[in-house]
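Structural description and commentary
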Amino acid sequence: MKDTSGYITPDGRQIGGTLMEMRNITLRFGGVVAIEDISFDIREGEIRAIIGPNGAGKSSMLNIISGFYTPSDGEVWYKGSRRPAMKPYEVARMGVARTFQNIALFEGMTVLDNVMTGRLTHMNAGILSQALWWGKARSEEIDNREIVEKVIDFLEIQNIRKTPVGRLPYGLKKRVELARALAAEPSILLLDEPMAGMNVEEKEDMSRFILDVNDEFGTTIALIEHDMGVVMDISDRVVVMDYGKKIGDGTPDAVRGNQDVIDAYLGVAH
Amino acid sequence: MEPRIPGRLGEKSQMLYRTAGQFKTSYEADQALFPVRQDALLLGVILAFAWVIFPLTASEFTFQTLLIPILIYALAAMGLNILTGYAGQLSLGTAAFMGVGAYACYKMVTLMPWMNPVVAILLSGVFSAGVGVAFGIPSLRIKGFYLAIATLAAQFFLVWLFEKWAWLYNYNASGAIQVPNLEMFGVYVAGPQANSLVQYYVVLAIVSVMTMLCINLTRGNLGRTWKATRDMDIAAELIGINLMKSKLTAFMVSSYVVGVAGALFVFMWRGAAEPNLFDIPLSFRILFIAIIGGLGSILGNYLGAILIVGLPVVLGIVPAALGIPIASATVEHINVMMVGALIVFFLIIEPHGLAQLWRLIREKLIIWPFPH
Amino acid sequence: MLNQIFVAPFIDMIGAPDFLLQVLWEGLVSGILYALIALGFVLIYRSSRIFNFAQGIMVVFAALTLVGLHAMGVPAWVSVGLTLLVMFGLALVIERVVLRPLVGQPDIILFMATIGITLFLIGFGEIIFGGENKVMITEELGIPTGSVMFEPWGGLLILEQKDITAVIVAALLVVALLLFLNRTRMGRAIRALGDDHQAALSVGISLQTIWVLVWFIAGIIALVTGIAWGARAGVSFALEVIAYKALPVLMLGGLESISGAIIGGLMIGMLEKLFEIYWGQPLLGGNTETWFAFVLALIVLLFRPQGLFGEKIIERV
């Protein structure tokens, strides 16, 4: 039986019991084994980093969590029960939101519309109501607009809300993607290299936002990140992957001292 | 007493389209269709022309060659635009679905002559919607060009069906359908005895209502779902969009609109139809209107229709007016050439079509007479 | 009813095997020509990712130019040479006026541009050549116009010599094309461009040259197709509709595979003829060739979205 008791971190945040658990996950593409027998858990309210050298299988793991890939072996447990094979959109509707390594915004829409798409799982007015702009569709649109505006305020992107996303610089696009994921009010937020391609200032901003999200909304966050400084600074626990296997699992300090991890990053043959 | 401001600043009063200073204080106001006052005014002017001025001043010729077809083509293009422009599913079979609407309407008015003609027209969309969803199922597995070719399967098969299934045209020896005289509230709205003015109003009313519905749909959740499906369907799925539902709904709504347009096409304009009326050239015509007008826009369909319908008329009139004799067949060929050239031209200059051109002009207008 | 669909046609086929062969032969000939048009598509798509909708009208245009020149008194084979020059000129103009300004645009934009080109050429062709049916200069080109008769199983099989010529020429053309693509420097460059635009550019392959060359080759294919088809069915704008048939071939064979185009073309040609003769005419009132190929391709794609020969598409996030 998994431990469900929570604890309070040194800086006063509440970490709960296990929210999501990967049990003996294996992923094969034809003859290639991308992930081999990996197990770890993610606790409610924590910031869990997944790190490892390039090609370790981190993005694949994230894809499994978000339902895009189905593991060849093993189980995914979510909120205490086994998650059966389901389509990605069903996973999203269960409270999983994510950002992407190579930005996946909807380039034909404005920032506002993009973030509004994050609310889709919460909006379900029928087609007739929408066509007539009446009743449920109308009130839903206004209510959700308000929520979205709060997210926009939170991430400080008010002045670009009507700009078509295609025109934005890289850093702002990343922030809009985060806004879209946040707007869904997810139980767990997956971030795929949120700092990629950013300079020092942008990384500081993004780190602050991530910490704020976790702090203010208590959102559980799992992130893939290459920047060790960021990882050590903001994460509660870390999973280290290399060549599809797990080679480290624990607090940043514990993992930092792990010889296997050091070897993996230094490229020592093992 | 305020000091008079000399020089260029004094020109502020000349700014026609000044939008600064119009603040919205609620989200509801921001969502309004024409939040900018000048846009609303412009629309008012257009509506006045459409509902009052044209009917009073237009000739029979203008109704038949310009006003009515422009509205009907715009509606058909709007339907296609929803599928291709908003939801990103390229379809080359629009004409065939127009045909489904037309034949459905024909069967309804001949089997149930007591039915209100407008109701029949609006119901015929339901049949084309059903057929549209059926032929839309492949879109769940097939994408891009392959899907476009798959829609040709619908196009060619349906035209063949229109010809072979004699029940559709009541076993008429000529294979064609003729619109019978249809009455509504004592006035003839369709058939040889119908008045162009009456038909114009019917078309205008139906097209206006459908435009409103499409605007609402494309601006709301469904519109966003479609655009997400179009822009990046994998990401769309990962944020919770059921792609199957999204695509099939697009086919359904699109085919409904196109079917109604098809019924209007035959019943309110042409008066008769043969199966080959709904063949590929018509599909392409609608596609051109949607492209040149601007994919992903509602206004564009009207602009595109005005251009595509108006061009041959202008080409027919201008040479005669200038005294240059050109055979009418040649005029038709020049028309075809020009449409082809226009498509290429627009794709190079402004792939987002006339609608985008209007948006740019409007932005310039807003700051006019200042350069920036 | 079931008997009519599942049994009777096969009995018919076996009962008159000479007729079956005739049907298969007719299908083979159409199939080869569909394959040729599809080849033009594949070539252009592989090197530029443009789905050249204008391939069909190029066939018509080539045929019309050839016939038109000859009608003006130009000897047959000189006309061929001049037509090739015209097709080359066309390729140059298209590259300069349409393709170059649209470099880097999404595929759909380029596709629609080729639709625009198609329209333009239709209108232009009608004005220059006129819309009436014309006769292909088959004899003048030295193509035999008699027929060859066989008597298999005591029945009768008639093969038109112009069809045989068409099949042979098409086969030679395909071989020549394959040799060109695989053995020559230019050919390799074309294949490289198809695989990776950027990489090809970075090793110094000139985009413009390749595109003009590719469109010209497509023009040559168009001319051969135009001659072969014009000899069978007369030369007119109706020919353009036949080019639509190449599309299901592309669906089956994939947009990038030459062998796919050939096999797909032959399959479609023969299957649609078979269906029409043995099922279409007796059971459905005939004229099924307008849609059969499309429906067939659609069904295949539903089970194999990558076509018969394409590679499985793996989506990446």
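From a predicted model like this one, the values you see are computed outputs, not experimental measurements.

**Quick look at the overall build of chain B**
Scanning chain B from terminus to terminus reveals 14 helices and four strands. The globule rule puts the C-alpha radius of gyration for 372 residues at 21 Å, and the 23 Å found for chain B is close to it. Across its three principal directions, the C-alpha atoms of chain B cover 85 × 60 × 45 Å. For chain B, the proportion of its 372 residues judged to be buried stands at 55%. Positive and negative side-chain charges in chain B, numbering 21 and 16 respectively, have mean positions lying 6 Å apart.

**Remarks on the overall build of chain C**
Of the regular secondary structure elements, chain C holds 14 helices and two strands. Its C-alpha atoms give chain C principal-axis dimensions of roughly 60 × 60 × 35 Å. Burial status across chain C gives 54% buried among its 317 residues. Surface summary for chain C: the accessible area is close to 13600 Å², and the carbon and sulfur share equals 67%. If the 16 positive side-chain charges of chain C are averaged to one point and the 21 negative ones to another, these points end up 13 Å apart.

**Notes on the environment of A261 of chain B**
Residue and element names in this part refer to chain B. For A261, the position within the fold is in helix α10 (residues 243-270). For the pair A261 and I241, spaced 20 residues apart in the sequence, the C-alpha separation amounts to 30 Å. When neighbours within four sequence positions are excluded, A261 is seen to be in contact with I72, L75, A76 and M98.

**Here's the deal with the packing of helix α8 (residues 221-231) of chain B against α10 of chain B**
The description of two helices packed together rests on the angle between their axes and the distance between the axes. Residues and elements named next belong to chain B. Contact geometry of α8 with α10 gives a least axis separation of 10 Å together with a crossing angle of 110°. The orientation of α8 relative to α10 falls into the category roughly perpendicular. Judged by the twist between their axes, the crossing of α8 over α10 is left-handed. Contacts between α8 and α10 involve L222, T225, W226 and T229 from the first element and L243, S246, K247, T249, A250 and V253 from the second. Residues belonging to the contact of α8 with α10 are distributed by class as follows: five nonpolar, four polar and one charged.

**Brief notes about the pattern of salt bridges**
Residues and elements named next belong to chain A. This structure, assessed with the given rule, holds 31 salt bridges over all chains. Of the charged contacts, one joins R161 and E149 as a salt bridge, the two residues approaching to 2.8 Å between their closest N and O atoms. With R161 in the loop between α5 (136-154) and α6 (170-183) and E149 in helix α5, this pair connects stretches of sequence that are twelve residues apart.

**What about the interface of chain A and chain B?**
Taken together, the 36 residues of chain A in the interface contact 31 residues of chain B. Of the roughly 3100 Å² buried between chain A and chain B, counting both surfaces, carbon and sulfur atoms make up 61%. In terms of surface lost to chain B, no three residues of chain A exceed Y89, F106 and Q130 of chain A, which account for 19% of the buried area on that side. For the pair chain A and chain B, the interface holds two salt bridges. R224 of chain B serves as the salt-bridge partner of E141 of chain A, at 3.1 Å between the closest nitrogen and oxygen. If you look at where chain A meets chain B, you find eight residue pairs in polar contact (both at pLDDT 80 or more). Counting only elements with at least two residues in the side of chain A that touches chain B, the list comes to α2 (88-93), α3 (111-117), α4 (127-132) and α5 of chain A. If you tally residues by element for the side of chain A that touches chain B, the top one is α5 of chain A, at seven residues. Within the side of chain A that touches chain B, the residues separate by chemical class into 18 nonpolar, five polar and 13 charged.

**Considering unusual backbone geometry**
All names here are of chain A. Positive phi, close to 55°, is recorded for E156, a residue that is not glycine. Following the sequence through the fold, E156 ends up in the loop between α5 and α6. For Y243, which is not a glycine, the phi torsion comes out positive at approximately 50°. Note on placement: Y243 falls in the loop between β11 (237-242) and β12 (245-250).

**Observations regarding the packing of helix α4 (residues 94-111) of chain B against helix α6 (residues 144-164) of chain B**
All names here are of chain B. For the pair α4 and α6, the least separation of the axes is 8 Å and the interaxial angle reads 35°. Viewed along their axes, α4 and α6 form a crossing whose handedness is left-handed. Counting all contacts with α4, which are made through T94, A95, A96, F97, G99, V100 and Y103, the residues of α6 involved are A154, Q155, L158 and F162. Looking at the contact of α4 with α6 residue by residue, the classes come out as eight nonpolar, three polar and no charged.

**Here we look at a nonpolar patch on the surface**
A grouping of V45, L47, F49, W51, V52, I53, F54 and L56 of chain B is seen on the molecular surface, where their side chains present a nonpolar patch of about 700 Å² in accessible area. For V45 of chain B, the location among the structural elements is in helix α2 (residues 37-57).

**A few points about helix α13 (residues 258-284) of chain C**
Residues and elements named next belong to chain C. Helix length check: α13, at 27 residues, gives a terminal C-alpha distance of 34 Å against a target of 39 Å (1.5 Å per residue), a shortfall beyond 12%. In α13, a bend of some 45° at E276 exceeds every other bend along the element. Looking at the residues trailing α13, positive phi occurs at G285, about 90°.

**What about the packing of aromatic side chains?**
Scanning all chains against the criterion turns up 40 aromatic pairs over all chains. Taking the centre distance of 5.4 Å and the plane angle of 35° together, the rings of F68 of chain A and Y69 of chain A count as tilted. The buried category is assigned to Y69 of chain A, whose relative accessible area is 13%. Here the aromatic rings of F157 of chain B and W160 of chain B are separated by 5.8 Å at their centres, their planes lie at 35°, and the arrangement is tilted. Taken as a pair, F157 of chain B and W160 of chain B lie in helix α6 at a separation of three residues, close to a single helical turn. With relative accessibility at 7%, the residue W160 of chain B sits in the buried group. Of the aromatic side chains, those joined through ring pairs into one cluster are F145, F156, F284 and F288 of chain B together with F41, Y45, F51, F53, F111, Y244 and F294 of chain C.

**Observations concerning the nonpolar core**
Membership of the largest hydrophobic core comes to 222 residues, with the highest contact counts inside it found for L264, F265 and F278 of chain B. Once residues lying within four places of it in the same chain are set aside, the contact partners of F278 of chain B are A95, A96, M98, G99, A102, Y103, Q155, V159, F162, F265, V266 and A273 of chain B. One finds V148, I157, V165 and V230 of chain A within the second-largest nonpolar core, a separate group that totals 45 residues.

**Observations regarding the confidence of the model for chain B**
All names here are of chain B. Per-residue confidence for chain B gives a mean pLDDT of 87, with 91% of residues at or over 70. The spread of mean pLDDT over the elements of chain B runs between helix α1 (residues 27-31), the lowest at 67, and α10, the highest at 96. Low pLDDT (under 50) marks residues 1-12, which in the prediction has six contacts with non-local residues, meaning those over four places away or in another chain.

**A word on the interface of chain C and chain B**
Much of the literature gives interface size as the accessible area that the parts lose upon coming together. The interface is formed by 49 residues belonging to chain C together with 37 residues belonging to chain B. When chain C packs against chain B, the two sides together hide about 3800 Å² of surface, and 82% of this comes from carbon and sulfur. Per-residue buried area on chain C facing chain B is highest for M112, L119 and W291 of chain C; these three make up 15% of the total on that side. Where chain C touches chain B, the interface holds zero salt bridges. Put simply, chain C and chain B have six residue pairs in polar contact (both at pLDDT 80 or more) between them. Residue assignment for the side of chain C that touches chain B shows that the elements contributing at least two residues are α5 (76-99), α6 (107-129), α12 (246-253) and α14 (292-303) of chain C. Among the elements that make up the side of chain C that touches chain B, the one with the highest residue count is α6 of chain C (16 residues).

**Examining α14 of chain C**
For α14 of chain C, with twelve residues, the first-to-last C-alpha span of 17 Å sits near the 16 Å given by 1.5 Å per residue. Of the residues making up α14 of chain C, those classed as buried are F292, A293, F294, L296, A297, L298 and L301 of chain C. In the core, the buried residues of α14 of chain C are packed alongside α6 of chain B together with α12 and α13 of chain C.

**Brief notes about the pairing of β12 of chain A**
Residues and elements named next belong to chain A. With five bridges connecting them, β11 and β12 associate as antiparallel partners. Residue pairing for β12: V240 is matched across the bridge by G248. Where β11 folds back on β12, the antiparallel hairpin that results is connected by two residues, among which Y243 adopts a positive phi of roughly 50°.

**Quick look at the sheet that holds β11 of chain A**
Residue and element names in this part refer to chain A. The strand order across the open sheet formed by six strands is β8-β9-β10-β5-β11-β12, and the pairing between neighbours is mixed. Of all strands in the sheet, those bounded by a partner on one side alone are β8 (96-98) and β12. Along the sheet, successive strands turn relative to each other by an average axial angle of 20°, direction set aside. In this sheet, strand β9 (residues 188-192) lies alongside β8 in parallel orientation, the contact comprising three bridges. Pairing of R98 across the sheet is with L190, part of β9. Along the sheet, α6 makes contact with β8 and β9, crossing β9 at roughly 160°.

Cut-off values and rules
- Residues numbered from 1 in each chain as written.
- Chains lettered and ligands numbered in written order.
- Predicted model: local features only at pLDDT ≥ 70, side-chain atom pairs only at ≥ 80, totals over all residues.
- Heavy atoms only, no water.
- Helix = DSSP H or I, 4+ residues; strand = E, 2+ residues; numbered from the N terminus.
- Rg over C-alpha atoms; globule rule 2.2 N^0.38 Å.
- Buried < 20%, exposed > 50% of the residue type's maximum accessible area, 1.4 Å probe, protein only.
- Lys, Arg positive; Asp, Glu negative; His and termini not counted.
- Charge placed at Lys NZ, Arg CZ, Asp CG, Glu CD.
- Areas by Shrake-Rupley, 256 points an atom, 1.4 Å probe, with all protein chains shown as cover.
- Contact = heavy atoms within 4.5 Å.
- Axes fitted to C-alpha atoms, helices over the stretch in contact; angles between N-to-C directions.
- Parallel < 35°, antiparallel > 145°, perpendicular 65-115°, else oblique.
- Left-handed = near helix turned anticlockwise from the far one by under 90°.
- Nonpolar A, V, L, I, M, F, W, Y, C, P; charged D, E, K, R; others polar.
- Salt bridge = Lys/Arg side-chain N within 4 Å of Asp/Glu carboxyl O.
- Buried area = accessible area lost by both parts, 1.4 Å probe.
- Polar contact = N/O pair within 3.5 Å; in protein donor to acceptor, adjacent residues only side chain to side chain.
- Patch = residues over 30% accessible without salt bridge, like charges linked within 9 Å, V, L, I, M, F, W, Y side chains within 5 Å.
- Expected span 1.5 Å × (residues − 1).
- Bend = angle between axes of the 7 residues up to and from the residue.
- Phe/Tyr/Trp six-rings, centres within 6.5 Å; stacked < 30°, edge-to-face > 60°.
- Core = buried A, V, L, I, M, F, W, Y, C linked by side-chain atoms within 4.5 Å.
- pLDDT = per-residue confidence, 0-100.
- Pairing = 2+ DSSP bridges.

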